[in-house]
Amino acid sequence: RRLLEVVSCNAALSACGQCSETTAAMKLFRSMQKEQFHPNQVSYNAAIFACSQGFWQEAVQLLGEMKAAELAPDLTTYNSATNACGRANELFTALKLLKEAEGSQQTPDVLSFLALVPAIGSSGDTAQLRSLAAALDRAEVATILPEASNL
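Rules of the game
- Residues numbered from 1 in each chain as written.
- Predicted model: local features only at pLDDT ≥ 70, side-chain atom pairs only at ≥ 80, totals over all residues.
- Heavy atoms only, no water.
- Helix = DSSP H or I, 4+ residues; strand = E, 2+ residues; numbered from the N terminus.
- Buried < 20%, exposed > 50% of the residue type's maximum accessible area, 1.4 Å probe, protein only.
- Contact = heavy atoms within 4.5 Å.
- Areas by Shrake-Rupley, 256 points an atom, 1.4 Å probe, with all protein chains shown as cover.
- pLDDT = per-residue confidence, 0-100.

Trainee: Would you mind going over the overall build of the protein with me for this structure?
Mentor: Along the protein, the regular secondary structure elements total nine helices and zero strands. Shown N-terminal to C-terminal, the secondary structure of the protein runs as helices and strands in the order α-α-α-α-α-α-α-α-α. Taken across its 151 residues, the protein has 39% of its residues classed as buried. Summarising the internal contacts of the protein: among those between residues at least 6 apart in sequence, 58% fall at separations of at least 24. About 8300 Å² of surface is accessible on the protein, with carbon and sulfur atoms providing 55% of the total.

Written as structure tokens, this is what we have:
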């Protein structure tokens, strides 16, 4: 029965994230913890994703809680948290998360690097933009985003 409740909550968390209902997602997630439903990796990923619209601090906090609960963050976890930071122009934190992902044996993908674009763009740091383009090129993204290698 508990597993069914967690799965149902995970579906609702995902729906909240898709609809940018961060407050509802966080209320649901916290109620899962309060009711001892033991959120799993999917729960954390959905809650962190829901934080990508302006709630970067909550995303980073959830990532820390996930690790404290001895659940292993995957690339989806890191990409969602990095995206939340990137959208909030928190470049330092976004880069720190990307390094942390690499350190935990997660290989950054296109989404990992694209999550940095808003923060780098708002910083006006053209050297960082060129560095990002080079990283994307090394990741063989140039075939998907050919204009990235022209920065």
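Trainee: So what exactly am I meant to see when it comes to the confidence of the model for the protein here?
Mentor: Predicted coordinates in regions of low pLDDT should not be interpreted in detail. The predicted model of the protein has a mean per-residue pLDDT of 85, with 89% of residues at 70 or higher. At the low end of the mean pLDDT range in the protein sits helix α9 (residues 126-138), at 72; at the high end sits helix α4 (residues 56-68), at 97. Below pLDDT 50 for its whole length, residues 141-151 participates in 13 contacts with residues either more than four positions away or in separate chains.

Trainee: Looking at this model, I keep getting lost on the side chain of T82. Mind explaining?
Mentor: Mapped onto the elements, T82 comes out in helix α5 (residues 75-87). Relative accessible area serves as the criterion here: at 2%, T82 is assigned to the buried category. Apart from residues no more than four positions distant in its own chain, T82 is found in contact with A94, L97, L98, S112, A115 and L116.

Trainee: Quick question: what am I supposed to make of unusual backbone geometry here?
Mentor: The bulk of non-glycine residues show a negative phi, and the bulk of peptide bonds are trans. One non-glycine residue, S20, lies in the positive phi region at around 55°. Counting through the fold element by element, S20 comes out in the loop between α1 (2-18) and α2 (22-34). Since its relative accessible area comes to 42%, S20 is described here as partly exposed. Its identity is not glycine, yet Q36 carries a phi of approximately 60°, on the positive side. Within the element layout of this structure, Q36 appears in the loop between α2 and α3 (41-50). Residue class for Q36 comes out exposed when judged on its relative accessible area of 54%.

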